[in-house]
Amino acid sequence: LRELRRRWRSYKYRFVPWLALNLRRQRRTLRYVPESSQDKIIADEDVFETLLKTFKALFVNELSRQADILALLPEVKCQYLELLTVEQKQSKVNSCNHQGQQHVFTPEEVLFNTLGFTVSRDQSSLVSAGTGVFVTKGFVPKGTVVSMYPGTVYRKHEPIFFQSLGNPFIFRCIDGVLIDGNDKGLSRSVYRSCSRRDQLGPFQMSDESWLTATPQNPLAVGQYVNNCSHEKAANVCYQEFDVPGHFPVELKQYLPNIVYSHDTESHLRCVVLVTLRDIKQGEELFSNYYTVVS
């Protein structure tokens, strides 16, 4: 018994102690990581470039409603107008649309045109697993950011007890930071309150639309990715990513995370899901809920 206790203390699990009632006595699989610094499937620079590419495409797609933002950022306005011009030329070639108006795509279409795939929520292929996430169109290569884990970000000392009650959507980072990805109840209210608190004029510092059935950032569905089983091996894994200070302010409206404390000076913590192998159209995404760090 003493040896078991010693080994237990030497491990760090991605779960919150008071959420143990949510485990339902299911057998869980573990992903072993030798050191915290090795908990990276791809480089942070690759994560940054993927998010930047996707968010820019989403921004350009709805440029007509970004007038207030662009009016305050004349130095970047020309860049997006150039991107729009290039896309309109490609659209005319591909669809023979000569009306001169911008064709607005759905967020899922933007994701497919940008990264070559779409993901969406649907009934899981696992019995009694509820909602899952599927690659609904296209092909996802190994080492690709395929979704994001949305929610309110809490530091270790911040209160989350009441939000955690009966809440299976709380993700624990290696350093103890918690992300509440629940889109209902108290968690939903807290996220919306923090998001609106941090808004600066027309600049939204985060995306609230993941709380709805139609998120404007189509990657923000990672909280619904189910845990792998003995029959369904993990094909994605979690990777923590701190948003750098130079992240474009006009694109923060697509970040599905917000900090609980307004006075926090550290970078915003995000969690992305990265593919462990090639994933084809129609496949469901499965992750490992726990990571053991030796």
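Here the structure is shown first, and the text comes after it.
Residues numbered from 1 in each chain as written. Predicted model: local features only at pLDDT ≥ 70, side-chain atom pairs only at ≥ 80, totals over all residues. Heavy atoms only, no water.

Q: Please give an account of unusual backbone geometry that cites residues and values.
A: Notably, Ser 128 is not glycine yet its phi reads approximately 65 degrees, a positive angle. You can see Ser 128 is positioned in the loop between strand S2 (117–123) and strand S3 (131–138). (Helix = DSSP H or I, 4+ residues; strand = E, 2+ residues; numbered from the N terminus.)

Q: Help me get a handle on the pattern of salt bridges, residues and values and all.
A: Tallied over the entire structure, the rule returns 10 salt bridges. The partner of Arg 192 in a salt bridge is Glu 208, and the shortest N-O contact between them spans 3.2 Å. Of this pair, Arg 192 sits in helix H7 (residues 185–198) while Glu 208 sits in the loop between H7 and strand S8 (226–227), and the two are 16 residues apart along the sequence. Between Glu 240 and Arg 269 there is a salt bridge, and its shortest N-O distance comes to 3.3 Å. Separated by 29 residues along the polypeptide, Glu 240 in strand S9 (residues 236–242) and Arg 269 in strand S11 (residues 269–275) bring together distant segments of the chain. Given a relative accessible area of 12%, Glu 240 falls into the buried group. Counted as one network, the salt bridges with shared partners bring together Asp 175, Glu 240, Asp 242 and Arg 269. (Salt bridge = Lys/Arg side-chain N within 4 Å of Asp/Glu carboxyl O. Buried < 20%, exposed > 50% of the residue type's maximum accessible area, 1.4 Å probe, protein only.)

Q: So, the nonpolar core: which residues are in play, and what are the values?
A: Grouped together as the largest cluster of nonpolar side chains are 57 residues, with contacts concentrated most on Phe 55, Phe 59, Tyr 80, Val 119, Val 146, Leu 251 and Leu 285. Top contributing element to this core by residue count: helix H2 (residues 44–61), with 9 residues. Apart from the residues within four sequence positions on either side, Phe 59 is in contact with Gln 66, Ile 69, Leu 70, Tyr 80, Glu 250, Leu 251, Gln 253 and Tyr 254. Membership of the second largest hydrophobic core comes to 11 residues, among which are Tyr 154, Leu 178, Tyr 191 and Cys 194. (Core = buried A, V, L, I, M, F, W, Y, C linked by side-chain atoms within 4.5 Å. Contact = heavy atoms within 4.5 Å.)

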